[in-house]
Amino acid sequence: MNVLTNGSPLQERKPLVFIIQAGFSGCAYWRYATPIRKLRKLGSPLDYVLYTDYNIDLSNQIMQNADLIVMQAPGSHEHTRVMQEMQKRGIPVYVDYDDISFELSPCNPKYRDLGLKETEEWKTGRDLFYPEWNKMKYDGFLGSIQNCDGFTTTTPFIAQVYKDMGVKNIHILPNSVDFDYYKFLPRPELGNEVSIGWFGGDSHRDDLDFVKDVLKEICLKYPQVRLVIKMPANWVDLFKDVPIHQKEFHLWSELENHPLALSCKFWDIGIAPLTDTKFNRCKSNIKWQEYSAVKVPSVCSNLEPYQNIKDGVTGFLATSEKEWFEKLCILVENKDLRKTMAQEAWLDCYKLWNLDTNCRIWEKTYLEAINNAINTRTSLHGNRGPVTSRSG
């Protein structure tokens, strides 16, 4: 396939997408590792390089020969400098954000590196918190999102937030499940025990704290309920009032093992609480997807990320503590509803958030960016047909 590269003569090779990931985080896993793995498996007219070195080297030969560069969550003036240099060479640069990083709760440990003002928990100079440094990062963040050639994110809601910040050419790449990895495993018979599950990292303490009293009341009302929670070890105090035989704690799994670890928990009910903040409203429905993919019915906060849920059919939506308690009671008491809701959620997730289909949205977006760049150079290098997707 003939591809124009950096103004050089046409060469025979696939177009190359050079992706600079934000380390090895869960965000990088969902936004790039899994969709690119799927595209490689299914076949794509594009080649992909996943790069995780935070120190971007402009002399990197692979990057210099890329047809598109994608930066995940760039937040420094160095990123902007690299972006501008690549654009001078005729290489389009796209940016991806799946959250509003500078809207973190002070309870989030990353507030140290991203918080813009002092709070009761964070004082300048304490625990290496320097808001002036973070404001410099924020300026770099604004520079990257306002000067990129294209911007990708997860949902219409967060897309509008970024549009209001002056970002242009926004594309939605929805977080989606790879059903090759998320498998339903038949639940072993455990008598009348009903397990309620949750999983999350150290940025989610506020969310779990929001429902801790509800979960305590559920355990008091139903002796057969058992909480099975995957969380940081120093959070056990959240459930100090729950009887010891009704709680079980697990540490976070490695990302590649995470789907199987979820399947093996054999939860009867999953929960996805969110406190009502701008940061949380900008999230996607990942937790509902993961529960649904392993056929666990769920109760989720009635906020933007979970508006896909058909309340009472593919899950329950809850706002107040009273609603959380009532809807958890319904699921605890109704085994048949748990099964039918789990099946309906799985079908909905398989149809709408299946990476087998949705990975092509990444491909289509990147192809469009590359072809747009090619079209701007045709006056110098002659006409050529566009690169096309395998899916048409």
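Since this is a predicted model, take the numbers as computed values, not measurements.

Conventions and cut-offs
Residues numbered from 1 in each chain as written. Predicted model: local features only at pLDDT ≥ 70, side-chain atom pairs only at ≥ 80, totals over all residues. Heavy atoms only, no water. Patch = residues over 30% accessible without salt bridge, like charges linked within 9 Å, V, L, I, M, F, W, Y side chains within 5 Å. Areas by Shrake-Rupley, 256 points an atom, 1.4 Å probe, with all protein chains shown as cover. Salt bridge = Lys/Arg side-chain N within 4 Å of Asp/Glu carboxyl O. Lys, Arg positive; Asp, Glu negative; His and termini not counted. Charge placed at Lys NZ, Arg CZ, Asp CG, Glu CD. Helix = DSSP H or I, 4+ residues; strand = E, 2+ residues; numbered from the N terminus. Buried < 20%, exposed > 50% of the residue type's maximum accessible area, 1.4 Å probe, protein only. Axes fitted to C-alpha atoms, helices over the stretch in contact; angles between N-to-C directions. Parallel < 35°, antiparallel > 145°, perpendicular 65-115°, else oblique. Contact = heavy atoms within 4.5 Å. Nonpolar A, V, L, I, M, F, W, Y, C, P; charged D, E, K, R; others polar. Pairing = 2+ DSSP bridges.

Digging into a negative patch on the surface
On the surface, a cluster of negative charge is contributed by D213, E217, D241 and E321. Following the sequence through the fold, E217 ends up in helix α7 (residues 205-221). According to the relative accessible area criterion, E217 is partly exposed, its value standing at 37%.

Some words on the packing of helix α11 (residues 321-333) against helix α12 (residues 335-352)
Their axes nearest at 5 Å, the elements α11 and α12 cross at an angle of 100°. The angle between the axes of α11 and α12 places the two elements in the roughly perpendicular class. Facing α11, whose interface residues are I330, L331, V332 and E333, α12 presents K335, L337, R338 and M341. Grouping the amino acids of the contact of α11 with α12 by side-chain chemistry returns five nonpolar, no polar and three charged.

With respect to the sheet that holds strand β13 (residues 298-301)
Pairing between sheet strands relies on hydrogen bonds along the backbone, with the strands arranged either parallel or antiparallel. Pairing is parallel in the open sheet, where six strands are placed in the order β11-β10-β9-β12-β13-β14. Bordering the open sheet on either side are β11 (247-250) and β14 (316-318), each of which pairs with just one other strand. Across this sheet, the average inter-strand angle for adjacent strands is 20°, counted without regard to direction. Here strand β9 (residues 194-199) pairs with strand β10 (residues 225-230) via six bridges, running parallel. Counterpart to I196 in the pairing with β10 is L227. Strands β9, β10 and β12 (269-272) of the sheet are contacted by α7, whose axis makes an angle of about 155° with β10. Sitting on the sheet, α11 is in contact with β9, β10, β12, β13 and β14, with an inclination near 155° to β14.

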